Amino acid sequence: MPGDPDAILDEVAHMRQVALMLRGEARDLRVIGQGDGLKGRYADALRHGADGLEVHLRETAERYERVHGHLTSWAHALEDLQTEADRILRNARTVAEVNGLDENGHGHESGGGNEHGSGGDDPLQGHRASLAKVVAQHEERAAHYAALIRHEIDDKIKDSPWEWFKDAVDDWSGAISLAVDAMSYAATVIALVAIATTPAGWVAGLAIWLSVGVLSGHLLLAAAGDGSWADIAMDVFGLLTMRIGTVALNRLRGVREATKLAAQLAAEEEAAANSARATRTLRDRASAVVNRRGATRAERSRARHARNIARAANQRVGREAAESEAAVPMAQASRWEAASVGGDVEEANHFKDVKRLRAAYPRSPEVQRASNGAERAHRMFKGAWIAASASDGTDKLLGSSDVIPQKPAFGPYGDLKNRCSKEVGSAW
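Residues numbered from 1 in each chain as written. Predicted model: local features only at pLDDT ≥ 70, side-chain atom pairs only at ≥ 80, totals over all residues. Heavy atoms only, no water.

> Break down the overall build of the protein chain for me, citing the residues and quoting the values.
Check the secondary structure of the protein chain and you find 13 helices and zero strands. Counted from the first residue to the last, the protein chain has its helices and strands arranged as α-α-α-α-α-α-α-α-α-α-α-α-α. Here the contacts in the protein chain between residues at least 6 apart in sequence split such that 72% fall between residues at least 24 apart. Only carbon and sulfur atoms are counted for the fraction: they give 58% of the accessible area of the protein chain, which is about 25600 Å². (Helix = DSSP H or I, 4+ residues; strand = E, 2+ residues; numbered from the N terminus. Contact = heavy atoms within 4.5 Å. Areas by Shrake-Rupley, 256 points an atom, 1.4 Å probe, with all protein chains shown as cover.)

> Go over the nonpolar core with me, naming the residues and quoting the values.
Counting 10 residues, the largest nonpolar core is built from A262, A263, A266, A267, A271, A321, L357, Y361, V367 and A370. Sorting the residues of this core by element identifies helix 6 (229–278) and helix 11 (365–370) as the ones contributing at least two each. Examining the composition of this core, we find that five residues originate from one element, helix 6, more than from any other. In this structure, A248, A338, V341 and A348 belong to the second largest nonpolar core, which totals seven residues. (Core = buried A, V, L, I, M, F, W, Y, C linked by side-chain atoms within 4.5 Å. Buried < 20%, exposed > 50% of the residue type's maximum accessible area, 1.4 Å probe, protein only.)

> Got a sec to walk through the pattern of salt bridges? Specific residues and values, please.
Inspection of the entire model under this criterion finds 11 salt bridges. The salt bridge involving E325 is made with K260; its shortest N-O contact spans 3.1 Å. Of this pair, E325 sits in helix 8 (residues 297–327) while K260 is found in helix 6, placing the two residues 65 residues apart along the sequence. For E325, a relative accessible area of 7% gives the class buried. What emerges from the salt-bridge pattern is a single network uniting R256, K260, E325, D353 and R356. (Salt bridge = Lys/Arg side-chain N within 4 Å of Asp/Glu carboxyl O.)

> With reference to specific residues and values, describe the packing of helix 6 against helix 12 (residues 374–398).
Where helix 6 contacts helix 12, the axes come no closer than 8 Å and their chain directions differ by 160°. Taken together, helix 6 and helix 12 sit at an angle that is classed as roughly antiparallel. For the pair helix 6 and helix 12, the crossing hand works out as left-handed. Contacts between helix 6 and helix 12 involve D231, M234, F237, T241, I244, G245, A248, L249, R251, L252 and V255 from the first element and A374, A377, M380, F381, A384, A387, A388, S391 and D395 from the second. Looking at the contact of helix 6 with helix 12 residue by residue, the class counts come to 14 nonpolar, three polar and three charged. (Axes fitted to C-alpha atoms, helices over the stretch in contact; angles between N-to-C directions. Parallel < 35°, antiparallel > 145°, perpendicular 65-115°, else oblique. Left-handed = near helix turned anticlockwise from the far one by under 90°. Nonpolar A, V, L, I, M, F, W, Y, C, P; charged D, E, K, R; others polar.)

> With reference to specific residues and values, describe the environment of A321.
Along the chain, A321 turns up in helix 8. Beyond its immediate chain neighbours, meaning those up to four positions away, A321 contacts A267, E268 and A271.

> Describe helix 12, listing the residues and the values that go with them.
Each full turn of the α-helix corresponds to 3.6 residues, which orients residues three or four apart in the same direction. In this model helix 12 runs 36 Å from its N-terminal to its C-terminal C-alpha over 25 residues, within 8% of the 36 Å that 1.5 Å per residue would give. Of all the residues in helix 12, the buried ones are A374, A377, H378, F381, A384, S391, D395 and K396. Taken together, the buried residues of helix 12 touch helix 4 (161–196), helix 6, helix 10 (345–360) and helix 13 (411–418). (Expected span 1.5 Å × (residues − 1).)

> Describe the environment of A370, and please don't skip the residues or the numbers.
When you line up the elements, A370 lands in helix 11. Taking the C-alpha atoms as reference points, A370 and G254, separated by 116 residues in sequence, lie 9.5 Å from one another. Filtering out sequence-adjacent residues up to four positions away, A370 remains in contact with V255, A258, T259 and A262.

> I'd like a rundown of the packing of aromatic side chains, residues and numbers included.
Following the criterion strictly, the structure yields zero aromatic pairs and no others. Positioned above the aromatic ring of Y185 is the side chain of K396, whose terminal nitrogen or guanidinium carbon lies 5.1 Å from the ring centre. (Phe/Tyr/Trp six-rings, centres within 6.5 Å; stacked < 30°, edge-to-face > 60°. Lys NZ or Arg CZ within 6 Å of the ring centre and 35° of its normal.)

> Quick one: what's the story with a nonpolar patch on the surface, residue by residue and with numbers?
A contiguous nonpolar patch, built from I208, W209, V212 and M242 and spanning about 390 Å² of accessible area, is present on the exposed surface. With respect to the element layout, W209 can be found in helix 5 (residues 201–223). On the basis of relative accessible area, W209 is assigned to the exposed category, the value being 64%. (Patch = residues over 30% accessible without salt bridge, like charges linked within 9 Å, V, L, I, M, F, W, Y side chains within 5 Å.)

Okay, structure coming up:
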């Protein structure tokens, strides 16, 4: 039968040695990629190359180990099949010798013909059928293991679309990193400008899009193994704080609107009550005339008319007070008050106006109740801004910069971020 189990096992042993050697080389490269031993102009490039090569060596070692397992199973199966074939052949030779047949099942007489060679029953037929089954099993097992090995060879190490994409990112990683860093600094500058002055609406919107661009760039680099997932975490945290700030501002808007409506009602009630106190004597005198027994119909009519005029005047005064409160513009926060919440003038104005309304109507339970939650929303907005600023400021202060290569960086901070590098699809 074709195939030599011993030769296959020798090749398997060689493959295992190669896999062990590749894993050892990968470990050495990983030490180089993560260590601080490399210094000089090309240290970063060497570390980056070592990291990428380590991944490929380890993936190749895993492929060798998987193929090694399939070849080992095939060698054992082949050995069992050959043992079975040898047994069938030995039995066939014994039967042939007993019946005076040669290896082809023909008689030894030159006349060609004994009873077995001239078309009679073939004593070797059963052995031929058994051998044919062994050969069929051999072919089926060979095809099975060949398919498994082809599957292992046709893996991502061989120019897969992801490898093509990763190579493209590797080629442009420097430009991508520079663009991402530039966008990050631009967003930070806009945030700093917002503290001192209110930027145009499109500028504030640009800051959000820059943050999304930074996240997209970092995600591209980290997925290809050229960036740190720690940057992704900080970018997501920054966008999350933006979302929290938006939610807090919407809540504060709602609180201020409810407080403003309650203040208008309070102003109407208070003005009407003050007017009613001022006209109380007139209304009491008119009521006395209406209720007096000896009053004429004309006197009662004049009294009712005067009383109605007083009541209408009270209501008019109340409506005018409500309209007057509605026309009061929103309180304007100082630059320092806006700076304390990142320069967001709208948030500072809303919060200050709620406090004004609360102070203007201290005896109105409706106003006090409607203003509840203003401080909570204000703290949420301010806390989100402080957290985002602290995260971004710490990264800018301690980390390296592609835009400003000469900027000093804190080495342990960079090493910590580099430990969070992991290529998508990599075995590591």
